[in-house]
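# An overview of the molecular structure
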Amino acid sequence: MDRKERVWHAVHHQAPDRVPIDYSARPEVSAALRTHLGLASQDDLLAYLDADFRYIEPREVIYDRQRYQGPPLRTFPDDSWEDIWGVRRVRLIIASGAYDEVCAAPLAHATTVEEVEAHRWPTPDWFDYRDVPAQCRRYAGYALVGGGWGAIFGDAYRLQGLQTFLMNMAERPEVAQAIIDRVARFYYGVNERIFDAAALAAADSGPGLDIFYFGNDFGTQRALLLSPRMYRQFFAAGIARLAGQAKERGMAVMYHSCGAVHALIPDLIAAGIDILDPVQAQAVDMDPLALKAEFGSRICFHGGIDTQRLLPFATPAAVQARVRQIAEAVGANGGYILAPDQSLQGDIPVENILAMYTALL
Amino acid sequence: MIWSEAPVSIPLTARIARYQAWLRRTPVDRPLIGLLWEADIPGLPAFLDAVGQERAIAPDEIDPAMFLPYIERWYQRDTEWQSDIIQSWAPAFSIPWVEAIADCPVVGYPGSLWAMPCLRSYAGRPHYHFDPHDPWLCKLLEFTQALVDRSAGRFPVALPQMRGPLDTLSSLRGAEQMSLDLLEQPAEVHAILAELADLWIEIARACLALIPPFHGGYVTRLKMWAPGPATTPQNDISTLISPRMYREFALPFDRRITAAFPYSSFHLHGSSQHQIPALLELPDLTALEVHLEHTVGGPSLSVMLPAARRILAQKPLLLVAPDLETADLCIRELPPAGLCVMVLVNAPELGPEYDAWLAGHHTRR
């Protein structure tokens, strides 16, 4: 069973030869692992960890300056800059890395659909997709994951600021919907470009994309940020449209949402989602074993290895015991992909990361 | 030593006279000026280590006696400052008293105590009525009495931090779920908020029954002196909701609470400044108390100073600045009538710049 077949079996609830393995980490964690293991490149690291997946760029086009070819984006004397949405960001340095955080929202004061429409919206043409076929060929044999990170909710609320956007969902729904629609339309166009480019590789006897991966964080540690009713009102159509776009091309669809999203899982299944990522194990009602019992025949789970308590603080032996427990129970008859429940962070000891990835050997 | 004999430069009678002018917003030469702190659990990390973190704490694990030396240290330091502010002491700031009395488990995490959500559904929920035998209420009253005894008339004792009905509901349900409840279960929300407002009033009354007047008045935990029993209502969670929703869900209960006591100073953070117009509609509100938080991500001073002016046109204002520089700016930019400017401090061991700042403003009278 090759890697693609292994993943296909897991996603389609058939027993693979072993649980598929995926890797996701902050850049500084990967650098520490490479140093620890004496590995030269990220490809070497992924091979060492026996990861079955490879991710095809561009994914997060907001941050991908190498592929950006649109109009110049403004920078400011305080070292902040505009991203493609016109959202102003500033780099915040923390102990374990850096994050580009929002410091000003361009539609913070928009109260009408006309103001939303008048905004300078990005187009899919602002990016260079030409190396997508080469990436697909380079990683032939792996389960290839790609597509624009269609953060419909996240990008929409960053355009207004989270509080304002949430209030508008309640009080000016037409404004919130107009922003959501513009964001979803943009990602649909980006995906057309990426999927077409990947299809070039497939047409050339190379591999195409296997999985479309996108997401929004709808949950916090304890609850949803919006109710299932509001999800259906504002987001279900856009998510289903993006998922359908990939499915028409034969791809499986993996959807990411951090946090406590148990109540949304039936809706995500209805939207055509095949794989739920990252299964944040410490969030309320997100225990992977319980989710398997409730939804295991209808959706595949990707993640579930706890990065909040287990990986940072447990012993390597305890990590391995938990990984084996989850792989055995959640991976029974397929339906599970081993991965951390968030990108591995800088507070996780290298020994525990290696314990996680060697637990099933 | 009684307060009036302490080696302070500003006699208590003069302070009270300034507070009286402040309450009336009569023209004055300068605002009330001083420092603000709140007595909290001394050595909180050690306390949490002792009782164990990430588990529910029982009220009998909290001993008021352990707070008293710490309060004494603050008291002694306060007597050295030239301040208009009359410092009060209240039962420990970190303990979520109202939420605990409303049955939320109180759990210690590094750095703080948290009231944890416990109400999964409104169906079959408990009813929140005042119970004089509630163990957390009894602990609060024991704590209040211990402070009264320790004070022996030297300093005023205040109500503890009492998060408002909307805040308590956010603890019971979790802030996210409560926000959704406002949209999707409004009748259930109104019913529970009414109970929580009445519970709040009864808790405050029970505490005030133990607290003697201090030189003819009362001082809130956030340092409003008033010539009668005074409370500090709040709804910090109001930062999450719109003014329309605030008027629908919070204001009726703010009205009920402020009507129940002679004096009330409503506490809010800068991030809730969009609720100020609604709060100014409260007919029984005495004053507003606003924390400026532009240095930690809150609204900028270009937003907050005009808001402060609008408040001062209608009500006395206690304005809490994060640093001396901001306090000076507020003193320069805002009209002094009805204004009190305090700098937030966290420990009695302050640098000499604070003494110099206080002395500078007070010798300028």
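Residues numbered from 1 in each chain as written. Chains lettered and ligands numbered in written order. Predicted model: local features only at pLDDT ≥ 70, side-chain atom pairs only at ≥ 80, totals over all residues. Heavy atoms only, no water.

## Some thoughts on the overall build of chain B
Counting its secondary structure elements, chain B contains 14 helices and ten strands. Taking 21 Å as the expected radius of gyration for a compact globule of 365 residues, we find that chain B reaches 20 Å, a close match to that expectation. Seen through its C-alpha atoms, chain B measures out along the principal axes to roughly 60 × 45 × 35 Å. By residue count, 59% of the 365 residues in chain B fall in the buried class. In chain B, the proportion of contacts linking residues at least 24 apart, taken out of those at least 6 apart, comes to 76%. (Helix = DSSP H or I, 4+ residues; strand = E, 2+ residues; numbered from the N terminus. Rg over C-alpha atoms; globule rule 2.2 N^0.38 Å. Buried < 20%, exposed > 50% of the residue type's maximum accessible area, 1.4 Å probe, protein only. Contact = heavy atoms within 4.5 Å.)

## Considering the pairing of strand S3 (residues 88-94) of chain A
Residue and element names in this part refer to chain A. In the sheet, strand S2 (residues 81-82) pairs with S3 via two bridges, with the strands oriented antiparallel. By the bridge assignment for S3, Trp81 is matched with Arg89. The antiparallel hairpin formed by S2 and S3 contains five residues in its connecting segment, where Gly86 sits at a positive phi of about 85°. Pairing geometry for S3 and strand S4 (residues 97-104), over seven bridges, is antiparallel. Bridged to Ile93 within S4 is Ala98. (Pairing = 2+ DSSP bridges.)

## Focus: the packing of helix H6 (residues 152-160) of chain A against helix H7 (residues 162-171) of chain A
Residues and elements named next belong to chain A. Running from N to C, H6 and H7 point in directions that differ by 105°, and their axes come no closer than 6 Å. Our classification of the angle between H6 and H7 gives roughly perpendicular. Contacts between H6 and H7 involve Phe153, Ala156, Tyr157 and Gln160 from the former and Leu162, Thr164, Phe165, Leu166, Asn168 and Met169 from the latter. Tallied by class, the residues present in the contact of H6 with H7 amount to seven nonpolar, three polar and no charged. (Axes fitted to C-alpha atoms, helices over the stretch in contact; angles between N-to-C directions. Parallel < 35°, antiparallel > 145°, perpendicular 65-115°, else oblique. Nonpolar A, V, L, I, M, F, W, Y, C, P; charged D, E, K, R; others polar.)

## Comments concerning the sheet that holds strand S6 (residues 230-231) of chain B
Residues and elements named next belong to chain B. Sheet architecture is open: six strands sit in the order S1-S10-S9-S8-S7-S6, paired in parallel fashion. On the outer flanks of this sheet lie strand S1 (32-36) and S6, each paired with one strand and no other. Examined bridge by bridge, S6 and strand S7 (residues 263-269) share two bridges and lie parallel to one another. Within S7, the position partnered with Thr231 by the bridge is Ser264.

## What to know about the environment of Val19(A)
All names here are of chain A. If you trace the backbone, Val19 turns up in the loop between helix H1 (3-11) and helix H2 (27-37). When its relative accessible area of 13% is taken as the criterion, Val19 is described as buried. Along the sequence, Val19 and Leu338 sit 319 residues apart, while their C-alpha atoms lie 6.6 Å from each other. Ignoring sequence-local partners within four residues, the contact set of Val19 consists of Asp52, Ala327, Tyr336, Ile337, Leu338 and Leu360.

## So, the pattern of salt bridges
Within this structure, the stated rule accounts for 45 salt bridges over all chains. Measuring nitrogen to oxygen at the nearest pair gives 2.5 Å for the salt bridge that ties Asp125(A) to Arg193(A). Of this pair, Asp125(A) sits in the loop between helix H4 (113-117) and helix H5 (132-138) while Arg193(A) sits in helix H8 (residues 173-203), and the two are 68 residues apart along the sequence. Asp125(A) sits in the partly exposed class, given a relative accessible area of 48%. Under the relative-accessibility criterion, Arg193(A) is labelled partly exposed at 30%. Glu333(B) is the salt-bridge partner of Arg309(B), the closest N and O atoms lying 3.9 Å from each other. Here the residue Arg309(B) occupies a position in helix H12 (residues 301-312), and Glu333(B) occupies one in helix H13 (residues 324-333), the gap between them amounting to 24 residues. Judged by relative accessible area, Arg309(B) falls into the partly exposed class, the value being 37%. Because the salt bridges share partners, they merge into one network encompassing Arg3(A), Arg6(A), Asp17(A), Arg18(A), Asp50(A) and Asp52(A). (Salt bridge = Lys/Arg side-chain N within 4 Å of Asp/Glu carboxyl O.)

## Overview of the interface of chain A and chain B
As a measure of interface size, the accessible area lost when the parts come together is often cited. Every contact between the two is made by 16 residues of chain A and, on the other side, 18 residues of chain B. Both sides of the chain A and chain B interface together cover about 1300 Å² of buried area, and 51% of this is carbon and sulfur. Summed over the three residues of chain A that lose the most area to chain B, namely Met167(A), Glu171(A) and Arg222(A), the buried surface amounts to 40% of that side. Here chain A and chain B share five salt bridges between them. The residue Asp285(A) makes a salt bridge to Arg120(B) at a minimum N-O spacing of 3.2 Å. For the interface between chain A and chain B, the tally reads eight residue pairs in polar contact (both at pLDDT 80 or more). Elements that contribute at least two residues to the side of chain A that touches chain B include exactly H7 and helix H9 (228-247) of chain A. In terms of residues, the side of chain A that touches chain B owes the most to one element, H7(A), which gives four residues. Along the lines of polarity and charge, the residues of the side of chain A that touches chain B split into eight nonpolar, three polar and five charged. (Buried area = accessible area lost by both parts, 1.4 Å probe. Polar contact = N/O pair within 3.5 Å; in protein donor to acceptor, adjacent residues only side chain to side chain.)

## Observations regarding helix H7 (residues 175-184) of chain B
In an α-helix, one turn spans 3.6 residues; hence positions three or four apart end up facing the same way. If you check which residues of H7(B) are buried, you get Ala175(B), Glu176(B), Met178(B), Leu180(B), Asp181(B) and Leu182(B). Considering only its buried residues, H7(B) is in contact with H9 of chain A together with helix H6 (165-173), helix H8 (186-208) and helix H9 (243-249) of chain B.

## What about the environment of Asp78(A)?
All names here are of chain A. Relative to the helices and strands, Asp78 is located in the loop between strand S1 (53-55) and S2. The spacing of Asp78 and Val90 is twelve residues in sequence and 8.4 Å in space, taken between C-alpha atoms. Those residues within four positions of Asp78 in sequence are excluded, and the remaining contacts are Arg88 and Val90. In this structure the side chain of Asp78 is engaged in a polar contact, spanning 2.5 Å, whose partner is the side chain of Ser80. A distance of 3.3 Å separates a polar atom in the side chain of Asp78 from a polar atom in the side chain of Arg88.

## A short note on the side chain of Thr168(B)
Mapped onto the elements, Thr168(B) comes out in helix H6. Since its relative accessible area comes to 1%, Thr168(B) is described here as buried.

## Some points on the sheet that holds strand S5 (residues 143-146) of chain A
Residue and element names in this part refer to chain A. Reading across from one edge, S1-S5-S6-S7-S8-S9-S10 is the order of the seven strands in this open sheet, with parallel pairing throughout. Single-partner strands in this sheet number two, and they are S1 and strand S10 (336-340). Between one strand axis and the next, the sheet turns through 25° on average, direction left out of account. Of the pairings in the sheet, the one linking strand S8 (residues 275-277) to strand S9 (residues 300-305) comprises two bridges and is parallel in character. When the sheet's bridge partners are listed, Leu276 is paired in S9 with Phe301.

## Here we look at unusual backbone geometry
In terms of backbone geometry, most residues other than glycine have negative phi values and most peptide bonds are trans. All names here are of chain A. The linkage connecting Glu57 with the following residue, Pro58, adopts the cis geometry, with an omega of 5°. Inspection of the secondary structure puts Pro58 in the loop between S1 and S2. With an omega of 5°, the peptide bond running from Asp277 to Pro278 counts as cis. Within the element layout of this structure, Pro278 appears in the loop between S8 and helix H11 (288-295). Look at Val279: it is not a glycine, yet its phi comes out positive at around 55°.

## Some words on the packing of aromatic side chains
Residues and elements named next belong to chain A. Tallied over the full model, the rule gives 29 aromatic pairs over all chains. Members of the aromatic cluster, each reached through a chain of ring pairs, are Tyr68, Trp85, Trp121, Trp126, Phe127, Phe186 and Tyr187. Across the ring face of Tyr157, the terminal group of Arg158 is positioned such that the distance to the ring centre comes to 5.6 Å. (Phe/Tyr/Trp six-rings, centres within 6.5 Å; stacked < 30°, edge-to-face > 60°. Lys NZ or Arg CZ within 6 Å of the ring centre and 35° of its normal.)

This is a description of form; function is not addressed.
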